[in-house]
Amino acid sequence: MPALLRPVVLKEDFFTLRTVLWNEGSVRMIDQTALPQRLTYREYRTWEGVADAIRRMVVRGAPAIGVAAAMGVALAAESSSARTKEDLVRDIEKAAAGLRATRPTAVNLFWGIDRAIEAARKASGGVDGVAKAVVSTAVEMAEDDVQANKRLGRYGEKLLDDGDVVMTQCNAGALATVGYGTALGVIRGAREAGKCIKVIVNETRPALQGARLTAFELVRDGFHCTLISDTAVGHMLSRGLVDKVLVGADRITKDGYVFNKIGTYQVAVLANRHGVPFYPAAPRSTFDLQRVHDKVVIEERPADEVVKVKGRRIAPKGIAVANPAFDETPPELISGIVSDMGIIGRPVDQNLSSVIH
Ligand code: MRU
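Before going into details, it helps to say that this report is about the structure given with it.

Conventions and cut-offs
Residues numbered from 1 in each chain as written. Predicted model: local features only at pLDDT ≥ 70, side-chain atom pairs only at ≥ 80, totals over all residues. Heavy atoms only, no water. Pairing = 2+ DSSP bridges. Helix = DSSP H or I, 4+ residues; strand = E, 2+ residues; numbered from the N terminus. 1 Å grid on protein atoms, 1.4 Å probe; cavity = no way out; pocket = protein on both sides within 12 Å on 5 of 7 lines; lining within 4 Å. Points joined across faces, edges and corners; volume = space filled by probe spheres on them. Nonpolar A, V, L, I, M, F, W, Y, C, P; charged D, E, K, R; others polar. Buried < 20%, exposed > 50% of the residue type's maximum accessible area, 1.4 Å probe, protein only. Right-handed = clockwise from strand over helix to strand, strands pointing away. Lys, Arg positive; Asp, Glu negative; His and termini not counted. Salt bridge = Lys/Arg side-chain N within 4 Å of Asp/Glu carboxyl O. Polar contact = N/O pair within 3.5 Å; in protein donor to acceptor, adjacent residues only side chain to side chain. Axes fitted to C-alpha atoms, helices over the stretch in contact; angles between N-to-C directions. Contact = heavy atoms within 4.5 Å. Near = heavy atom within 4 Å. Sits in = over half its atoms within 2 Å of the grid points. Left-handed = near helix turned anticlockwise from the far one by under 90°. Expected span 1.5 Å × (residues − 1). Phe/Tyr/Trp six-rings, centres within 6.5 Å; stacked < 30°, edge-to-face > 60°. Lys NZ or Arg CZ within 6 Å of the ring centre and 35° of its normal.

### Points about the sheet that holds strand β15 (residues 326–329)
Then, in step 1: Within the open sheet, the four strands sit side by side as β12-β9-β10-β15. Their pairing is mixed. In this open sheet, the two edge strands, each paired with only one partner strand, are β12 (287–288) and β15.
Then, in step 2: Both strand β9 (residues 251–253) and strand β10 (residues 258–261) contribute to a ladder of two bridges, which runs antiparallel. Counterpart to R251 in the pairing with β10 is F259.

Printed below as a string of structure tokens:
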């Protein structure tokens, strides 16, 4: 059984959401399955517990799962009874294999695990030195993620004008990262620059990250936001009610394709049809410079997410279900990509390598 302790009602840090925290031998994560009803942390003491949390989407969002997985590796390093560096690295690699098998699409997961393993391999000072190096790498990654999002927010806010109405899909906010957010980081950056931005939040079936999580964050932070059903996207765009679309990303391949939450592609097609700029926003850890788009695995999630709403069955038994969790948007539909290394202008497939290295 994964070590899942009793949820803690969150009091501290209420005004700066920190999704994933290292807490001296345990990992604390906001339970995103309980939002928006309850803001609570769960605490994990084993890598198996962290893997289970990633699979069940207690923690979700590409940068957040990357850092959570690195902290999972750190838990494995700290709890190992190995007496030599070689045995400890073997234990760490076993945990890493389990964590890698949780979700296939967001590249940040693999990036976080790889960095933690690299820290272990390079460390000196015996088993204690290895464990310390892995923990400090994971903790550093958490801090770096927040700083990268803030940088990205400062670059991206320049694309927004005072008074803009921005549409967003899924949750690419503080909850999808360690803090601040990517697409919502750009919106936060615009507000910090004195601009008034209104947000249209797509509900994002089937897991409802828009209705549950983005709406929660934005209402909590006092943004003007309006929730719409996914089926209203075309109508809002065709009526000229949206100035820009901003989304996050789970993986951006070297040929400029953006993998993001299911539904993003149809938003991009409709935005293009109605002349509305479409911008993904992502930190360096989301770029996969090793792969082109047709080599990426799209996660298929359980059928229950589609046939049930709030645990109640809405479709007849016996119906076949497809539940791809992500889709890919090709470069020709993308107006620019906001990253923490600068803005990649269109055509993004040709300009990507001059910004991202
Ligand atoms: O299945 P999820 O909720 O983990 O998917 C998350 C997304 O698709 C987000 O839009 C993406 O990770 C961007 S995160 C800043």
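### Here we look at the layout of surface pockets
Then, in step 1: Estimates place the volume of the largest pocket at around 610 Å³.
Then, in step 2: Lining the largest pocket are 22 residues; nearest its centre among them are T33, P206, A207, R212 and E305.
Then, in step 3: Take the lining of the largest pocket: its biggest share by element is three residues, from helix α7 (residues 209–220).
Then, in step 4: Grouping the constituent residues of the lining of the largest pocket by class yields eight nonpolar, five polar and nine charged.

### Topic: the pairing of strand β6 (residues 198–202)
Then, in step 1: Within β6, four of the five residues are buried, which leaves it mostly tucked inside the rest of the structure.
Then, in step 2: In this sheet, β6 lies alongside strand β5 (residues 165–168) in parallel orientation, the contact comprising four bridges. Across the sheet, V166 pairs through a bridge with V199, a residue of β6.
Then, in step 3: A crossover links β5 with its parallel partner β6, the connecting element being helix α6 (residues 183–192), and its sense is right-handed.
Then, in step 4: Relative to strand β7 (residues 224–228), β6 is paired through five bridges, and the arrangement is parallel. When the sheet's bridge partners are listed, I200 is paired in β7 with T226.

### A look at the side chain of R60
Then, in step 1: When you line up the elements, R60 lands in the loop between α1 (47–55) and α2 (62–79).
Then, in step 2: It turns out R60 is buried and unbridged, and the closest side chain with the opposite charge, E217, is 6.4 Å from it.
Then, in step 3: Polar contacts involving the side chain of R60 include one to the side chain of Q32, which spans 3.1 Å.
Then, in step 4: One polar contact links the side chain of R60 to the main-chain carbonyl oxygen of N171, over a distance of 2.9 Å.

### Focus: the sheet that holds β7
Then, in step 1: Strand order in the open sheet formed by five strands is β7-β6-β5-β8-β11, with parallel pairing between adjacent strands. Of all the strands in the sheet, the pair left with one neighbour each is β7 and β11 (278–280). The average undirected angle you get between the axes of adjacent strands in this sheet is 25 degrees.
Then, in step 2: Together, β5, β6 and β8 (244–247) form the strand contacts of α6, whose direction differs from that of β8 by roughly 125 degrees.
Then, in step 3: Contacting β5, β6 and β7, α7 runs over the sheet at an angle of about 160 degrees to β6.

### With respect to the site of the ligand
Then, in step 1: Among the 19 residues in the neighbourhood of the ligand, the closest are listed as R103, Q209, D250, N260 and K261.
Then, in step 2: Here an oxygen atom of the ligand sits 2.7 Å away from a polar atom, N or O, in the side chain of K261.
Then, in step 3: Cavity membership is defined here by more than half of the atoms lying within 2 Å of grid points; on that basis the ligand lies in the largest cavity.
Then, in step 4: Every element with two or more residues in the shell around the ligand is listed here: α2 and β10.
Then, in step 5: For the shell around the ligand, the class distribution of residues is eight nonpolar, seven polar and four charged.

### Description of the pattern of salt bridges
Then, in step 1: For the coordinates displayed, the defined rule picks out 23 salt bridges.
Then, in step 2: For R301, the salt bridge is made with E299, and the minimal N-O distance between the two is 2.9 Å.
Then, in step 3: For R301, a relative accessible area of 12% puts it in the buried group.
Then, in step 4: Via salt bridges that share partners, R103, E299, R301 and E305 belong to a single interconnected network.

### Re the packing of helix α3 (residues 85–100) against helix α5 (residues 126–156)
Then, in step 1: Their axes nearest at 9 Å, the elements α3 and α5 cross at an angle of 35 degrees. The crossing of α3 and α5 is right-handed. Note on element contacts: α5 touches α3 through V127, V130, A131 and V134, opposite K85, L88 and I92.
Then, in step 2: The residue makeup of the contact of α3 with α5, split by class, is six nonpolar, no polar and one charged.

### Observations regarding α3
Then, in step 1: Across its 16 residues, α3 extends 22 Å between first and last C-alpha, which sits within 8% of the 22 Å expected from 1.5 Å per residue.
Then, in step 2: Among all positions in α3, only L88, V89, I92, A95, A96, G98 and L99 are buried.
Then, in step 3: Contacts from the buried residues of α3 go to α1, α2, α4 (107–122) and α5.

### Regarding the packing of aromatic side chains
Then, in step 1: A full pass over the atoms with the stated rule returns zero aromatic pairs.
Then, in step 2: A cation over a ring is seen here: R191 above F223, with NZ or CZ 3.8 Å from the ring centre.

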